[in-house]
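Chain by chain, the residues run as shown.
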Amino acid sequence: MNNTDSPVQDPSQQDLYGYVPDRAVCIIFVALFSISAAVHLAEAIYFRMSWLFATAVFAGVAEILGWSARLWSSYSPFAQDPYIMQLTVTIIAPSPLVAALFILFGRISERLGEHYGRLTAMWYSIIFLTCDIISLVTQGVGGGIAGSSIGDQSQVDLGGNIMLAGIIFQLASITVFVLLMSEYFLRYLTDRPIRKAQKDPNAEEAYIPARGATTPKMRLMIVCVLAMTFFLIIRSVYRMIELIDGFNGKIIQTEIYFNIFDGAMVVCAIYTLNVLHPGWLLERVYHQTAVSLREISPSGSPRASLLSLNLKGGAARVNMGEAE
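Residues numbered from 1 in each chain as written. Predicted model: local features only at pLDDT ≥ 70, side-chain atom pairs only at ≥ 80, totals over all residues. Heavy atoms only, no water.

### Structural notes on the confidence of the model for the chain
Then step 1. Across the chain, the average pLDDT comes to 81, with 78% of residues at or above 70.
Then step 2. With pLDDT under 50 throughout, residues 203-207 is counted as low confidence; its partners more than four residues away or in other chains account for ten contacts.
Then step 3. A low-confidence stretch, residues 285-324 stays under pLDDT 50, and its non-local contacts, those more than four residues away or across chains, total 64 contacts. (pLDDT = per-residue confidence, 0-100. Contact = heavy atoms within 4.5 Å.)

What follows is the structure, encoded as structure tokens:
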């Protein structure tokens, strides 16, 4: 007599992805992130920029691990270990790049003039890096719970919701950052600082904030920040929609969506930083000669005034004297 009852499927034999990861695609992404991470490591050492080790280099290494796990899954699609690894690592890997973005804009505002922004360079870094760390930890915890609870749908859903909360928090912090950055550049372009110039009446020299010059290198650095922001926002929006749709949804089970809107977007962001690197675009901006500006008198007629700008820390010491 045949037993018609269907046996309970072993959780280790479940269809984890909804597809088998494409081996060639995984190899390509592992190679791309390996090259980028190696270049970022060399650039960080050459330019002596230690903060890049914990941001760009770390992001590259994390992406290598995540895509290596997906490559492993292409050979063993029912194995839980690589699935858990890629689920947890790929969700948090771009967060260090977001941190690099916040640091870069802080450096830019420091050089162009902190008085055009709502926050100082230091506070941009403190506030938004804190937000990034919170989102990173939240996503990592959620990914760990979801990945290690295969077979227990309630725990998988809990982990997915925690991951979603981390992604939404990160996207919200990036959105606030974009708004503040947009206001900063608008005020800089129209020369409308938020904080007025401060002068010491008891000093022979007046201290005013400098309006840093947008040199060709500075413009490229701004392009880098804007491009990275664009790519990382697209990736975050995709991840949010993916998690809202759920682990059994069509989006997470369609491989090409992940390859384009996660893998490709992070590749574009990390290579943008490779090419438009702050080591040669930003760090030598202080080594500029004194700039001559022109002061307009209250009557509206131009009055030549030599302003010797010693560009340090985003502020300028101004020695004023009438030109002959």
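### A closer look at the UniProt feature "transmembrane region" (unreviewed entry) in the chain
Then step 1. UniProt marks residues 20-39, 51-72, 84-105, 126-150, 162-186, 220-241 and 256-276 with the feature "transmembrane region" (unreviewed entry), using the numbering shown here.
Then step 2. The span residues 84-105 shows a helical share of 91% and a strand share of 0%, and its end C-alpha atoms are spaced 34 Å apart.
Then step 3. Here residues 256-276 is 95% helix and 0% strand, with 28 Å between the C-alpha atoms at its ends. (UniProt positions renumbered as here; feature names shortened; annotations may be inferred. Helix = DSSP H or I, 4+ residues; strand = E, 2+ residues; numbered from the N terminus.)

### Comments concerning the pattern of salt bridges
Then step 1. Counted under the stated rule, the structure contains six salt bridges.
Then step 2. Between E183 and R118 there is a salt bridge, and its shortest N-O distance comes to 2.7 Å. With E183 in helix α6 (residues 153-190) and R118 in the loop between α4 (95-112) and α5 (121-148), the pair connects residues that are 65 residues apart, well separated along the chain.
Then step 3. R118 sits in the partly exposed class, given a relative accessible area of 46%.
Then step 4. Residues joined in a network through salt bridges with shared partners are R235, R239, E242 and D262. (Salt bridge = Lys/Arg side-chain N within 4 Å of Asp/Glu carboxyl O. Buried < 20%, exposed > 50% of the residue type's maximum accessible area, 1.4 Å probe, protein only.)

### Re a nonpolar patch on the surface
Then step 1. A cluster of nonpolar side chains, contributed by M122, W123, I126 and I127, occupies part of the molecular surface with about 370 Å² of accessible area.
Then step 2. Of note, I126 is situated in helix α5.
Then step 3. Here I126 falls in the partly exposed class, since its relative accessible area comes to 37%. (Patch = residues over 30% accessible without salt bridge, like charges linked within 9 Å, V, L, I, M, F, W, Y side chains within 5 Å. Areas by Shrake-Rupley, 256 points an atom, 1.4 Å probe, with all protein chains shown as cover.)

### Notes on the packing of aromatic side chains
Then step 1. Counted by the stated rule, this structure contains 19 aromatic pairs.
Then step 2. Pairing Y17 with Y83 gives two aromatic rings, centres 5.0 Å apart and planes at 90°, and the pair type is edge-to-face. Linking Y17 in the segment before α1 (23-47) with Y83 in helix α3 (residues 80-92), this pair joins segments that are 66 residues apart in sequence.
Then step 3. Summarising the aromatic geometry, the rings of F230 and F231 are spaced 5.7 Å apart at their centres and angled 65° between planes, so their arrangement reads as edge-to-face.
Then step 4. On the basis of relative accessibility, which here comes to 49%, the residue F230 falls in the partly exposed class.
Then step 5. Owing to a relative accessible area of 16%, F231 belongs among the buried residues under this scheme.
Then step 6. Through a chain of ring-to-ring contacts, three or more aromatic side chains come together here, namely F102, F105, Y116, Y124, F128, F177, Y184, F185 and Y188.
Then step 7. Stacked on the ring of Y75, the Lys or Arg R23 has its end atom at 3.8 Å from the ring centre.
Then step 8. The residue whose ring lies beneath R70 is W67, and the NZ or CZ to ring-centre distance is 5.1 Å. (Phe/Tyr/Trp six-rings, centres within 6.5 Å; stacked < 30°, edge-to-face > 60°. Lys NZ or Arg CZ within 6 Å of the ring centre and 35° of its normal.)

### Focus: the environment of S182
Then step 1. Tracing the sequence through the fold places S182 in helix α6.
Then step 2. S182 sits 65 residues away from G117 along the chain, and the two C-alpha atoms are 9.6 Å apart.

### Topic: the environment of M85
Then step 1. Note on placement: M85 falls in helix α3.
Then step 2. Owing to a relative accessible area of 34%, M85 belongs among the partly exposed residues under this scheme.
Then step 3. Linking M85 and G143, residues 58 residues apart in sequence, is a C-alpha distance of 8.9 Å.
Then step 4. Sequence-distant contacts of M85, defined by excluding residues within four places in its chain, comprise L65, A69 and W72.

### Examining the side chain of S236
Then step 1. On the secondary structure map, S236 appears in helix α7 (residues 216-245).
Then step 2. By relative accessible area, S236 is classed as buried at 1%.

### Looking at the nonpolar core
Then step 1. Among the nonpolar cores identified, the biggest contains 52 residues, and L97, L104, I108, L112, F185 and L273 are the most heavily contacted of them.
Then step 2. Taken together, the elements giving at least two residues each to this core come down to α1, α2 (53-75), α4, α5, α6, α7 and α8 (255-275).
Then step 3. Ranked by the residues each element gives to this core, the list is headed by α4, at ten residues.
Then step 4. Excluding residues within four positions of it along the chain, L97 makes contact with T55, A56, A59, M228, L232, V266, A269, I270 and L273.
Then step 5. Among the nonpolar cores identified, the runner-up in size contains 18 residues, and Y17, Y19, Y83 and I92 belong to it. (Core = buried A, V, L, I, M, F, W, Y, C linked by side-chain atoms within 4.5 Å.)

### A look at empty space enclosed by the protein
Then step 1. For the structure on display, the rule yields two cavities of 30 Å³ or more.
Then step 2. Taken as a whole, the largest cavity holds about 120 Å³ of empty space.
Then step 3. If you trace the largest cavity, you find 14 residues lining it, with Y17, Y19, R70, Q86 and I252 closest to the centre.
Then step 4. At the level of secondary structure, the elements contributing two or more residues to the lining of the largest cavity comprise α3 and α7.
Then step 5. Taken together, the residues of the lining of the largest cavity break down into eight nonpolar, three polar and three charged. (1 Å grid on protein atoms, 1.4 Å probe; cavity = no way out; pocket = protein on both sides within 12 Å on 5 of 7 lines; lining within 4 Å. Points joined across faces, edges and corners; volume = space filled by probe spheres on them. Nonpolar A, V, L, I, M, F, W, Y, C, P; charged D, E, K, R; others polar.)

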